[in-house]
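Fold and contact review
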Amino acid sequence: MKFLITAGPTREPIDPVRYISNRSSGKMGYAIAQAALEAGHEVVLVSGPVALNAPAGAQLVRVTTADEMYDAVHAHLAGVDIAVLCAAVADFKPASCAPRKIKKRDGVPTIKLVPTRDILASLGALRPKKFLLAGFAAETGDLEKNAREKLEKKQCDAVIANDVLAPGLGFESDENALTIFLPDQSSRVLPRASKHDLANALVKILCGMQQKS
Ligand code: CTP
């Protein structure tokens, strides 16, 4: 099968030396790419800036901003069977990027933010949708409620949720704990484990879902 995976953060430029970003390390998305490759699948990995080596055999598409990630994902949809959007895409970007470094002597700047395009929702809205679509939800509370809202609003086949406030888990960690929420109201818990083991389990589950659909 062919996987399209997004991973890592995006960077939204404020001026030539500053940007808005987030704490995503890309480890979960890269682990899913690795697991899919090890299981014999084809992988396109659309990655924001991370300090990780691309898994051998993946087609790596490097991007920086949310707009670039949106365009790269839509440009690589042909033949995709399973899309896993794991990237921590910035929800907001500066309305414009200052052409020169903003100087302190000019006072505290006011930075106007505008929303970025939602890549996951844009794929969920495609008709006909030829692939299984899984999104991620990084939450700091109300895991089930927030994940189910995303599942419905973004028209996904699965939302994989984790609590980023859980001690020792989430962002830069090598471990995680996940709950997969499905449209039939069921859910599946993948308890605390290495991102590598979780990725293997996820790839198996997603392939099983895709074969049934
Ligand atoms: N996502 C995306 N494009 C965006 C923002 C998010 O594709 N511009 C995807 C992420 O890759 C992830 C999922 O949407 O799979 C969840 O992202 P999140 O930002 O948590 O969802 P939001 O609807 O923005 O909700 P929140 O208010 O919790 O940020």
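What comes next is a walk through the structure. The structure displayed is predicted, hence computed values, not measured ones.

For the protein chain, the count of helices and strands is five helices and 12 strands. In terms of overall dimensions, the protein chain is globule-like: its C-alpha atoms have a radius of gyration of 17 Å, near the 17 Å expected for 213 residues. Taken along its principal axes, the extent of the C-alpha atoms in the protein chain is 60 × 35 × 35 Å. Residue burial in the protein chain is summarised as follows: out of 213 residues, 46% are buried. When the accessible surface of the protein chain is totalled, it reaches about 11,000 Å², and 52% of it is carbon and sulfur. The positive charge centre, built from 27 side chains, and the negative charge centre, built from 23, are 6 Å apart in the protein chain.

It is worth spelling out the sheet that holds strand 11 (residues 175-181) at this point. On the basis of which strands lie adjacent, the open sheet formed by eight strands has the order 5-4-1-6-9-10-11-12 and mixed pairing. On the outer flanks of this sheet lie strand 5 (59-62) and strand 12 (187-194), each paired with one strand and no other. In this sheet, adjacent strand axes meet at a mean angle of 15° when their direction is disregarded. Pairing of strand 11 with strand 12 involves six bridges; the strand directions are antiparallel. Bridge assignment links Asn-176 to a residue of strand 12, and that residue is Ala-193.

Around the ligand sit 14 residues, and of these Leu-85, Ala-87, Leu-120, Phe-136 and Lys-150 come closest. Here Phe-136 contributes a backbone N or O atom positioned 2.8 Å from an oxygen atom of the ligand. Look at the ligand: alone it shows 580 Å² of surface, and the protein chains cover 77% of it. Every element with two or more residues in the shell around the ligand is listed here: helix 3 (119-124), strand 9 (132-139) and helix 4 (143-153). When the residues that make up the shell around the ligand are grouped by side-chain class, the tally is six nonpolar, two polar and six charged.

Turning our attention to the packing of aromatic side chains. Scanning the model with the defined rule gives zero aromatic pairs in all. Taking the ring centre of Tyr-70 as reference, the NZ or CZ of Arg-117 above it sits at 3.8 Å.

Thresholds, definitions, all that
- Residues numbered from 1 in each chain as written.
- Predicted model: local features only at pLDDT ≥ 70, side-chain atom pairs only at ≥ 80, totals over all residues.
- Heavy atoms only, no water.
- Helix = DSSP H or I, 4+ residues; strand = E, 2+ residues; numbered from the N terminus.
- Rg over C-alpha atoms; globule rule 2.2 N^0.38 Å.
- Buried < 20%, exposed > 50% of the residue type's maximum accessible area, 1.4 Å probe, protein only.
- Areas by Shrake-Rupley, 256 points an atom, 1.4 Å probe, with all protein chains shown as cover.
- Lys, Arg positive; Asp, Glu negative; His and termini not counted.
- Charge placed at Lys NZ, Arg CZ, Asp CG, Glu CD.
- Pairing = 2+ DSSP bridges.
- Axes fitted to C-alpha atoms, helices over the stretch in contact; angles between N-to-C directions.
- Near = heavy atom within 4 Å.
- Polar contact = N/O pair within 3.5 Å; in protein donor to acceptor, adjacent residues only side chain to side chain.
- Nonpolar A, V, L, I, M, F, W, Y, C, P; charged D, E, K, R; others polar.
- Phe/Tyr/Trp six-rings, centres within 6.5 Å; stacked < 30°, edge-to-face > 60°.
- Lys NZ or Arg CZ within 6 Å of the ring centre and 35° of its normal.

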